Amino acid sequence: MAAKKKKNQVKATSTSKEVDSANRLPFEPVRQKPSKPPVTPAVTQSKTPQSTPKSMKGRSSRASTPSSIPEIVSRRMVSRAALYCGVPSVLALLTFVVSYLAIANDVFHPPTAAVLLVSLGFFGLGVLGLSYGPLSASWDEERVGNLIGWNDFKLNFGRLRDSWRTAKAAKED
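Sequence order sets the numbering: in each chain, residues are counted from 1 along the sequence as written. Only residues with pLDDT of at least 70 are given local features in this predicted model, and only at 80 or more are side-chain atom pairs given and counted; all residues enter the totals for whole chains, interfaces and linings. Hydrogens are left out, water is left out, and the side-chain values use all remaining heavy atoms of the structure.

Undergrad: Can you lay out a nonpolar patch on the surface for me, pointing to particular residues and giving the numbers?
TA: On the surface, L83, V87, V90, L91, L94, V97, V98, Y100, L101, L147, I148 and W150 cluster together to form a nonpolar patch covering roughly 1200 Å² of accessible area. Where helices and strands are cited, they refer to DSSP runs of H or I of at least four residues and of E of at least two residues respectively, numbered from the N terminus. In terms of residue count, the dominant contributor to the nonpolar patch is helix α2 (residues 71-104) (nine residues). Any residue with relative accessible area above 30% and no salt bridge may belong to a patch, with like charges joined within 9 Å and the nonpolar Val, Leu, Ile, Met, Phe, Trp and Tyr side chains within 5 Å. Reported accessibility uses the Shrake-Rupley method at a 1.4 Å probe radius. Residues are deemed covered only where the shown protein chains occlude them. We define a salt bridge as a side-chain nitrogen of Lys or Arg found within 4 Å of a carboxyl oxygen belonging to Asp or Glu.

Set out below in structure tokens:
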């Protein structure tokens, strides 16, 4: 019985590795479980703390790792976020201008609540666009993607959801 469980665990591990490599981001490094540091006797350990070189002080170790987002992908994410957040935000501000001009020129008198709700709706779309922009961008360096980016959004949101689940499972273990 124990041998059967072990065999199923080995099979599940190899399957999860294949799934992980298929769902891995193009710029994400392969992660290995951290091994325990070797135990050294207390006699050979140094009593003085090791200092970091002056050139490394104040720098983040994350900036030089290969897992950082490539520049072209980062620019693509920022430009999409600016587009999908900026357009609705400008429309929200234009709501006030258009309603003022309509009232000042006696074209029509929109209710104050309607102007407020329309502008809040556009600002809400801007907030959603701020999240949709980076997720709808292609995270592959060679592929640009299309204007709407719905297929890339589904793929990237799936990756994000899987990483949340993995982090939650790791936290529970």
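Undergrad: Quick one: what's the story with α2, residue by residue and with numbers?
TA: An α-helix turns once every 3.6 residues. As a result, residues three or four positions apart point the same way. The terminal C-alpha atoms of α2 lie 48 Å apart, and with 34 residues this matches the ideal 50 Å at 1.5 Å per residue to within 8%. Two axes define the bend at a residue: one fitted to the seven residues ending there, one fitted to the seven starting there, and the bend is the angle between them. Considering bend angle alone, the principal kink of α2 is centred on L94 and spans about 25°. Those residues of α2 not exposed but buried are V73, R76, M77, R80, A81, Y84, C85, P88, A92, T95, S99 and A102. Residue contacts follow a heavy-atom distance rule, with two residues in contact if any of their heavy atoms lie within 4.5 Å. At its buried positions, α2 is contacted by α3 (112-136). Taken from the residues just after α2, D106 is the one with a positive phi, measuring 55°. Working rule for helices: expected span equals 1.5 Å times residues minus one. Note on exposure labels: buried denotes an accessible area under 20% of the residue type's maximum, exposed denotes more than 50%, and partly exposed covers the range between, all computed with a 1.4 Å probe on protein chains only.

Undergrad: Mind laying out the nonpolar core, listing which residues take part and the relevant values?
TA: Here, the term nonpolar core denotes a set of buried Ala, Val, Leu, Ile, Met, Phe, Trp, Tyr and Cys residues that are joined through side-chain atoms within 4.5 Å. Core analysis: the largest hydrophobic core is formed by eight residues, namely V73, M77, Y84, Y132, L135, A137, W139 and F153. Secondary structure elements with two or more residues in this core: α2 and α3. The biggest single contributor to this core is α2, with three residues.

Undergrad: So what about the pattern of salt bridges? Which residues, and what values?
TA: Close approach of charged atoms allows side chains of opposite charge to pair. The full count for this structure, using the stated rule, is two salt bridges. The closest approach of N and O atoms between E71 and R75, which form a salt bridge, is 3.2 Å. Note that E71 and R75 are positioned in helix α2 at a spacing of four residues, about one turn of the helix. Residue E71 shares its accessibility class with R75, and that shared class is exposed. Note that R143 is salt-bridged to D152, the shortest N-O span being 2.8 Å. Classification of R143 by relative accessible area gives partly exposed; the value is 37%. For D152, a relative accessible area of 5% corresponds to the buried category.

Undergrad: Tell me what's going on with the packing of α3 against helix α4 (residues 150-172), and back it up with residues and numbers.
TA: All axes here are fitted lines through C-alpha atoms, helices being fitted over the stretch that makes contact, and every angle between N-to-C directions spans 0 to 180 degrees. At a closest axis distance of 7 Å, the pairing of α3 and α4 adopts a crossing angle of 95°. The orientation of α3 relative to α4 falls into the category roughly perpendicular. In this structure, α3 contributes Y132, P134, L135 and S136 to the contact, and α4 contributes W150, D152, F153, N156, F157 and L160. Note that Gly is not counted as nonpolar here; it falls among the polar residues with everything else outside the nonpolar set of Ala, Val, Leu, Ile, Met, Phe, Trp, Tyr, Cys and Pro and the charged set of Asp, Glu, Lys and Arg. Of the residues that constitute the contact of α3 with α4, the class distribution is seven nonpolar, two polar and one charged. In this scheme, roughly parallel covers angles under 35 degrees and roughly antiparallel covers those over 145, while 65 to 115 is roughly perpendicular and the rest are oblique.

Undergrad: How would you explain unusual backbone geometry if you had to name every residue and give the values?
TA: The phi dihedral of D106 is positive, around 55°, even though this residue is not glycine. Mapped onto the fold, D106 is located in the loop between α2 and α3. We classify D106 as exposed; its relative accessible area is 60%.

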